[in-house]
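Coordinate inspection notes
Chain by chain, the residues run as shown.
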Amino acid sequence: MTYAEALRLALRRLRTNRLRTTLTALGVIIGVGSLVALLAVGQGTKAQLTSRIASLGTNLLNISAGSTFSGGVRGAAGSASTLTTTDADALRSLPGVAGVAPEMQVSNVVVVDGRTNSTTTMTGTTPDEAKVRNYSIQDGTFLTALDVAKGLRVAVLGPSTVSALGTTPSAIVGSTIDVNGIPFRVVGVTQPKGGATGFNDPDDFVFTPITAVQSRFTGATNLRSIGVSVANPNQLAYVESNIESTLRTRHALASGTSDDFSLASQNQLLAVAGAQSDTLQHFLIGIAVIAMVVGGIGIANTMLVSVRERVREIGTRKAIGARRRDIGRQFLVEAVIVSLGGALVGIALGAIATGPIGHAVNVTATPSLDGVLLAFASALVVGVVAGYWPARQAAGLDPVEALRYE
Amino acid sequence: MVSAPGQSRLLDVSDVTRLYHLGEADVWALRGVSFAVDVGENLAIIGPSGSGKSTLLHILGLLDRPTAGSYRFAGVETSSLSDDNQARLRNRAIGFVFQSFNLVSGESALENVASPLVYAGVKRRERAERAAAALERVGLADRMRHDPSQLSGGQRQRVAIARALVTNPPLLLADEPTGNLDSESSRDILDVIAGLHAQGLTVLTITHDPDIAAQASRVLHISDGRVVSDERAASADTVSA
């Protein structure tokens, strides 16, 4: 018997047992559906995370102030343990550096605009901030070199901050707001970057000249971080090591001691984020695989029952000339058809469910061809594995016993 | 009974035994059976239940193998055939008719009749033509699309006979073909079988019913795994085993 004949026979058999066929395929339908939907959500999450990190800045090196001393050994007064504005100035002249943004941060400042107020973070920085951290302006201008040189009380707001104050970018540019009671003139509002999570909205901030923050708020030269943009992405590693040695020299760190700052490139962040979302993806696939295994057990179980019910039919088929492999093929094809049929329905349902599921977890998810092919392939494997043992049992029946079976 | 093997010899059974191991006990279902069947004979094998006639039917039908002895089908020693070759011989050379019809429900009469041709590798169109012809031969041309469940017992057995005939085998092997039928249907089925025999088909019927055996041209009595008599309707030559 050819596979085409076995297929025809299986379809006829499955059509006469529609309800049972549907119930048997349900496990695979759910398994394949969740595989397609969860894979799409996982891939969407990864893409979103990656694009968000990319939106933080291109060719970015981020230097954060260290908070640790080497076991407290060199904790003496005068040893430089934090980043300063002069560190930032020193980096500016290094080869391959396109922009340096020293960042001085004041958390939880209260911004008041007339009668409304909002709590946000104020960052004192320089015009390079826009280039380094990838900000663009939707209304007004960004900070200028003149603003920084004169320590002017001007501010650039994030779009989320503007809406938190209950106003619009065009309305607020040119007006004066109070930051912790000190008046600042709003000169610009940035374009939204999007991708907010519950804890961190990249569009909620106040940028002011670093000199204004120094004179009005902190009175110090300590920086929270320095953003450096590299002119040529291929030079990233070279610039990174140059920065490290420059800062070590400036901080008078003896060789063998660890850095008192941390240096991370965007690529490292991407790698970490990629690894995290891969872990998430594997977890989601794991759930779908469990569903597929359960579906396969369902098929195997139904096929075993079906073999029991059809012992006489098997005996008759052997009597009229079916060989072992003809009988085996008939049952194997039946199991595979149930599985693949379930896969087709599951793919359709999974594709339909992907949008709403993605919406529920704030991810733009679309079913991928990879996911569909993977689901189909695993359904094929499940069908073959689930059908193998029942098919073997059917093929191995003794015709005499089978014909006598009541 | 023992005649020289000629070209008309279809079956040649020689000292066939069959031993079953039932738990601790060994049971001899056949204790040395020998007989021969020529082409065109209408043979009935009769015996009480437990006599070994079912075992003999299974061996003659190549569904079972003898423990010892020789069984030649159309001159071919069957014990040396592989399982697949035995299946092929069953498919081409033996038509089975069972007591309980053994039709597959969910498949039409035509599909049931055509199923041996599937295993013979016959193309779909030709299968349908040949199955239709076989159904016509048993007088069921108007029931081809019916499911077995929509047919009477007699009609079902006609479908089963058509299925047995569809590969044009030289031998029809019937196992209590009227066992599940009322007397009218029984007569009907026996008439169909007699008609096929008249057309030259070799028929071998297993039964416990002497009335059915009486219709055969030759009757083989089996008891305790042995042939106890071999009677021909015309010349009543009896041989004790």
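Residues numbered from 1 in each chain as written. Chains lettered and ligands numbered in written order. Predicted model: local features only at pLDDT ≥ 70, side-chain atom pairs only at ≥ 80, totals over all residues.

1. Quick notes on the overall build of chain A
Of regular secondary structure, chain A possesses 14 helices and 12 strands. Counting only C-alpha atoms and orienting by the principal axes, one finds that chain A spans roughly 105 × 55 × 35 Å. Taking all 406 residues of chain A together, the buried fraction comes to 43%. Residue pairs at least 24 apart in sequence account for 84% of intrachain contacts in chain A once pairs closer than 6 positions are excluded. (Helix = DSSP H or I, 4+ residues; strand = E, 2+ residues; numbered from the N terminus. Buried ≥ 20, exposed ≤ 12 C-beta atoms within 10 Å, placed from the backbone. Contact = placed C-beta atoms within 7 Å.)

2. A short note on the confidence of the model for chain A
Summary statistics for chain A give a mean pLDDT of 87 and a share of 94% for residues scoring 70 or more. For the stretch residues 68-81 of chain A, pLDDT sits under 50, and the model shows nine contacts to residues farther than four places along the chain or on other chains. (pLDDT = per-residue confidence, 0-100.)

3. Brief notes about the pairing of strand β1 (residues 60-65) of chain A
Residues and elements named next belong to chain A. Here five bridges tie β1 to strand β11 (residues 225-230), and the two strands are oriented antiparallel to one another. By the bridge assignment, Asn-62 is partnered in β11 with Gly-227. As paired elements, β1 and strand β12 (residues 261-265) share five bridges and run antiparallel to each other. Residue pairing in the sheet places Ser-64 in a bridge with Ser-262 of β12. (Pairing = 2+ DSSP bridges.)

4. Description of the sheet that holds strand β5 (residues 76-77) of chain B
Strand-to-strand pairing in sheets goes through backbone hydrogen bonds, with the strands running parallel or antiparallel. All names here are of chain B. Across the sheet, four strands lie side by side as β2-β1-β4-β5; this open sheet has antiparallel pairing. Edge strands, defined here as strands with exactly one partner in the open sheet, are β2 (25-38) and β5. Sheet analysis places strand β1 (residues 9-22) next to strand β4 (residues 68-73), joined by five bridges and oriented antiparallel. Counterpart to Val-13 in the pairing with β4 is Tyr-71.

5. Notes on the nonpolar core
By size, the foremost hydrophobic cluster in this structure holds 117 residues, and its most contacted members are B:Val113 and B:Ala162. A per-element tally of this core places helix α2 (residues 18-55) of chain A first, with 12 residues. Beyond its immediate stretch of four places on either side in the chain, B:Ala162 contacts B:Val113, B:Ala134, B:Leu135, B:Arg137, B:Val138 and B:Leu140. The next biggest cluster of nonpolar side chains, apart from the first, holds 43 residues, and it includes A:Val179, A:Val187, A:Phe207 and A:Leu223. (Core = buried A, V, L, I, M, F, W, Y, C linked by C-beta atoms within 7 Å.)

6. Some words on the interface of chain A and chain B
Residue-level contacts link 18 residues of chain A with 21 residues of chain B. Within the residue set of the side of chain A that touches chain B, elements represented by two or more residues are α1 (3-16), α11 (311-319), α12 (324-360) and α14 (399-404) of chain A. A per-class count over the side of chain A that touches chain B returns six nonpolar, three polar and nine charged. (Nonpolar A, V, L, I, M, F, W, Y, C, P; charged D, E, K, R; others polar.)

7. What to know about the pairing of strand β7 (residues 171-175) of chain B
All names here are of chain B. Burial runs high along β7: five of the five residues are buried. Alternating positions in β7 separate into two faces, Leu-171, Leu-173 and Asp-175 on one and Leu-172 and Ala-174 on the other, with burial throughout. Where strand β6 (residues 94-97) lies against β7, four bridges are found, and the strand directions are parallel. Among the inter-strand pairings, Phe-96 is bridged to a residue of β7, identified as Leu-173. Pairing of β7 with strand β8 (residues 202-207), which is carried by five bridges, proceeds in the parallel orientation. Directly across from Asp-175, in β8, lies its bridge partner Ile-206.

8. Some details on the sheet that holds strand β3 (residues 42-46) of chain B
All names here are of chain B. The six strands are arranged β6-β7-β8-β3-β9-β10 in an open sheet whose pairing can be described as mixed. Each having just a single partner strand, β6 and β10 (226-232) make up the two edges of the open sheet. Neighbour-to-neighbour, the strand axes of the sheet open up by a mean angle of 15°, direction not taken into account. Across the sheet, helix α6 (residues 183-198) lies against β3, β7 and β8, angled at about 150° from β8, the strand it touches most. (Axes fitted to C-alpha atoms, helices over the stretch in contact; angles between N-to-C directions.)

9. So, the packing of helix α3 (residues 85-92) of chain A against helix α9 (residues 236-250) of chain A
Residues and elements named next belong to chain A. Between α3 and α9, the least distance of the axes is 10 Å, while the angle of their chain directions is 140°. Between α3 and α9, the interaxial angle falls into the category oblique. The element α3 and its partner α9 pack so that their crossing is right-handed. Between α3 and α9, the residues in contact are Asp-87, Ala-90 and Leu-91 and Ile-243, Thr-246, Leu-247 and Arg-250, respectively. Along the lines of polarity and charge, the residues of the contact of α3 with α9 split into four nonpolar, one polar and two charged. (Parallel < 35°, antiparallel > 145°, perpendicular 65-115°, else oblique. Left-handed = near helix turned anticlockwise from the far one by under 90°.)

10. Quick look at helix α13 (residues 369-395) of chain A
At 3.6 residues per turn, the α-helix brings residues three or four places apart onto the same side. The end-to-end C-alpha distance of α13(A), which contains 27 residues, comes to 37 Å, matching closely the 39 Å that a straight helix rising 1.5 Å per residue would cover. Its maximal kink placed at A:Tyr388, α13(A) deviates by approximately 35°, while the proline A:Pro390 follows within four residues. (Expected span 1.5 Å × (residues − 1). Bend = angle between axes of the 7 residues up to and from the residue.)

11. Observations concerning the confidence of the model for chain B
Residues and elements named next belong to chain B. Model confidence for chain B is summarised by a mean pLDDT of 90, while 94% of its residues fall at 70 or above. Note on residues 1-5: pLDDT is under 50 here. Beyond four places in sequence and across chains, it has five contacts. If you check the scores for this complex, the pTM reads 0.73 and the ipTM reads 0.91.

12. Things to note about unusual backbone geometry
It is generally the case that most residues other than glycine have a negative phi and that most peptide bonds are trans. Even without a glycine there, the phi angle at A:Ala252 is positive, about 55°. Inspection of the secondary structure assignment puts A:Ala252 in the loop between α9 and β12. Take A:Ala252: there are 11 C-beta atoms within 10 Å of it, and that puts it in the exposed class. In this structure, B:Ala74 is a non-glycine residue whose phi angle is positive, near 50°. Relative to the helices and strands, B:Ala74 resides in the loop between β4 and β5.

13. What about the environment of B:Leu220?
Residue and element names in this part refer to chain B. For Leu-220, the location among the structural elements is in strand β9 (residues 218-223). Here Leu-220 falls in the buried class, since 24 other C-beta atoms lie within 10 Å of it. In the structure, Leu-220 is positioned 156 residues away from Asp-64 in sequence and 20 Å away in space, judged by C-alpha atoms. Setting aside anything within four residues of it in sequence, one finds Leu-220 in contact with Phe-35, Leu-43, Ile-45, Val-227 and Asp-230.

14. Thoughts on the environment of B:Ala132
Residues and elements named next belong to chain B. Summarising the element assignment, Ala-132 is placed in helix α4 (residues 124-137). Counting along the chain gives 62 residues from Ala-132 to Ser-70, while the straight-line C-alpha distance between them is 38 Å. In contact with Ala-132, not counting residues within four places along its chain, are Leu-110 and Met-144.

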